[in-house]
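So the chains spell out like this:
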Amino acid sequence: MKRNFVLLATMAVASLMVSCQKEEGTQNTQKLITRTVTLEEGEWQEDATRTIYEPDAGVKFTGAEVMSIYYADHNAQTKKMFKIDPKKKQGKNITSSITINKDGTYTVVHPEISGATAYDYYFMLGGSQTNLNGTGTSAAVKLEKFQQPGENSFDPTYDFLAGCPILNVAKQTEAITVQKFKRISAPLKVVTATNADKVILATLSFTQKVDNKNALAGNAFLHLSDVYNDITVNSYGADNFSNTVTAFYPNATNVVNQTKNIWYTVYPASIKEGNVVMTLMTPTKTLTRMVPVTKALNIVQGQLNEIHFNMAGTDVTEVASVYQDFTQLQITDVNTGNPVGLVASDGQTYQWTFTKDCSIHDGKNTVYANSLGSLKGTRQIWPKALSMPATTSKITFPDFGKPISKIRIYVAPTDQDNLMKGTTGDKGIIEITDPTKFNDFSSDEITNSRPGRIVGIAFEFAPAA
């Protein structure tokens, strides 16, 4: 049975997705240090596949989690951390690795730091690797605005945990134990009352202006302090943070007893002013409600935060709409250059046209080390998405037979910083209200040079005269 632990909190565990970068510094790659790392407490299921939250049982790790480990010279005047690469070679020789053993322990190999006689170790646990900033003092993490929660749990991809640091470890020490972990993010459960039968997308948005010290989602930096209680998010990436998060249910989640629990993972935040807006997208309509924030709403790190939202009252705006999902399509559905019929959320088939350079991106990401000890492979972390790789890429929208009032383009996490010209782009959603743009959408309308990856497009219709 694999060794692991159960967190004494009422939520699931996930992780962070960040871009890879190389650490710099003077290291002796010829001499290696090997240690065994054990996680304290509890046990986990052999047959489990991902991190889960079970009501009344708490948070459990299931074997798909990935450990990020950083090390530093304990006696250095100016401490700089290095990341242990999950698998790094010099020629045919491995110079850095993290392997999960069958007994649940980790075998860790990293180069010696020249002149170091003792080391400090820092730990992050989740579903993917996290990386250091350029100065080697903080872990750069990313909590997306677009998430895929389960029926009873938030999306584990975007939760992340920090371990208690282990300091002053002598070079010859073979085994170390991480005694505890804590959640850095803030689980948020929105209990929603609604008369809808199904929900495809649920967007929660606070209108309070965000800054680099207070945000729900986006890029952030985690201060890896020697003091366990001081490990926390200390700033957010420039111009890449948001007070909007969207939960996506590709197959439309059912509403039971007129109640739907929407689960998000967010950063700790204090919302003190403005409004909160909840938008529910069903197969045939869009429901929106705005409520003023009359007192400070504190979303607390590491514990279950819960708010209630009535989407069945008289102050809810309801408009007819339809949603086209691209996550279930194949590449041959969109790159013919000829009109193609796609079935939308209302069950009707509408004719679309895509330029031949459009394709369906498979959404797979590399996993460096999983519970089976494998050091390479792929895992479906993002959903499939429509890729528009060139400035000439273009989608021609269907004729729905009724006037469009608004279009919302939902952008996949890897590219959700792409912005429509002239719009606010901190939501991961491109909103189009200009009627001259209701016929088609082109990549040259995106201000970022990276290719767009679109999960789906929602069309709202004007009320009948």
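So, here is what we can say about the structure in this document. (Residues numbered from 1 in each chain as written. Predicted model: local features only at pLDDT ≥ 70, side-chain atom pairs only at ≥ 80, totals over all residues. Heavy atoms only, no water.)

**A word on the nonpolar core**
Among the nonpolar cores identified, the biggest contains 54 residues, and V190, L204, L222, L224, Y264 and M278 are the most heavily contacted of them. Residue contributions to this core peak at four residues, all from strand β19 (residues 198-206). Residues within four places of L204 in sequence aside, it is in contact with L188, V190, N243, T244, V245, Y264, V276, V277 and M278. One finds L329, F354, F400 and I454 within the second-largest nonpolar core, a separate group that totals 29 residues. (Core = buried A, V, L, I, M, F, W, Y, C linked by side-chain atoms within 4.5 Å. Buried < 20%, exposed > 50% of the residue type's maximum accessible area, 1.4 Å probe, protein only. Helix = DSSP H or I, 4+ residues; strand = E, 2+ residues; numbered from the N terminus. Contact = heavy atoms within 4.5 Å.)

**Quick notes on the sheet that holds strand β28 (residues 305-310)**
Spatially, three strands are ordered β23-β18-β28 in an open sheet, and the strand pairing comes out mixed. At either margin of the open sheet sits one strand with a lone partner, and together these are β23 (259-266) and β28. Within this sheet the neighbouring strands show an average axis-to-axis angle of 20°, counted without direction. Sheet topology note: the strand β18 (residues 186-193)/β28 ladder contains six bridges and is parallel. (Pairing = 2+ DSSP bridges. Axes fitted to C-alpha atoms, helices over the stretch in contact; angles between N-to-C directions.)

**Quick word on the environment of G274**
Considering the arrangement of structural elements, one finds G274 in the loop between β24 (269-271) and β25 (275-281). By relative accessible area, G274 is classed as partly exposed at 33%. C-alpha separation for the pair G274 and V291, spaced 17 residues apart in sequence, amounts to 8.9 Å. Here G274 is in contact with T207, P292 and V293, once residues within four sequence places are set aside.

**Side note on unusual backbone geometry**
The backbone of N168 sits at a positive phi, close to 55°, despite the residue not being glycine. Mapped onto the fold, N168 is located in strand β15 (residues 166-170). Backbone geometry at N257 places phi at a positive 55°, although glycine is not the residue there. Here N257 lies in the loop between β22 (244-254) and β23. Here N257 falls in the exposed class, since its relative accessible area comes to 70%.

**Details of the sheet that holds strand β39 (residues 440-442)**
Ordered in space as β30-β31-β36-β39, the four strands form an open sheet in which the pairing is antiparallel. Taken across any chain shown, the strands that pair with only one partner, and hence form the sheet edges, are β30 (340-343) and β39. The mean angle between the axes of side-by-side strands here comes to 30°, regardless of whether they run parallel or antiparallel.

**Side note on the pattern of salt bridges**
What the rule picks out here adds up to nine salt bridges. Of the charged contacts, one joins K79 and D120 as a salt bridge, the two residues approaching to 2.6 Å between their closest N and O atoms. Placement of the pair is K79 in the loop between β5 (66-73) and β6 (82-83) and D120 in strand β10 (residues 118-126), with a sequence separation of 41 residues. The exposure class of D120 is buried, given its relative accessible area of 0%. With its nearest N and O atoms 3.9 Å apart, the salt bridge here joins E306 to K189. (Salt bridge = Lys/Arg side-chain N within 4 Å of Asp/Glu carboxyl O.)

**Remarks on the pairing of strand β9 (residues 106-112)**
With six of seven residues buried, β9 lies mostly within the body of the structure. Two strands pair when backbone bridges link them, and strand β8 (residues 93-100) and β9 are joined in this way by four bridges, in the antiparallel orientation. Within β9, the position partnered with I100 by the bridge is Y106.

**Let's talk about the packing of aromatic side chains**
This model, assessed by the stated rule, comprises 14 aromatic pairs. With centroids separated by 5.9 Å and ring planes inclined at 65°, the aromatic side chains of W352 and F459 adopt a geometry described as edge-to-face. Taken together, the positions of W352 in strand β31 (residues 349-354) and F459 in strand β40 (residues 452-461) put the pair 107 residues apart, joining distant regions of the chain. Ring pairs connect the aromatic residues F326, Y350, W352, F354, F397, F400, F459 and F461, which therefore count as one cluster. (Phe/Tyr/Trp six-rings, centres within 6.5 Å; stacked < 30°, edge-to-face > 60°.)

**Quick look at the environment of F206**
For F206, the position within the fold is in strand β19. F206 gets classed as buried once you look at its relative accessible area, which sits at 4%. Taking the C-alpha atoms as reference, F206 lies 5.8 Å from N275; in sequence the two are 69 residues apart.

**Re the environment of V245**
Counting through the fold element by element, V245 comes out in strand β22. Taking the C-alpha atoms as reference points, V245 and S205, separated by 40 residues in sequence, lie 6.5 Å from one another. Setting aside residues no more than four positions away along its own chain, V245 makes contact with E144, K145, Q147, A202, T203, L204, A217, Y264 and V266.

**Looking at the side chain of S96**
Along the chain, S96 turns up in strand β8. According to the relative accessible area criterion, S96 is buried, its value standing at 3%. Polar contacts involving the side chain of S96 include one to the main-chain carbonyl oxygen of D85, which spans 2.8 Å. Among all residues touching S96, those that are not within four sequence positions of it are I84, D85, P86, K87, K88 and V109. (Polar contact = N/O pair within 3.5 Å; in protein donor to acceptor, adjacent residues only side chain to side chain.)

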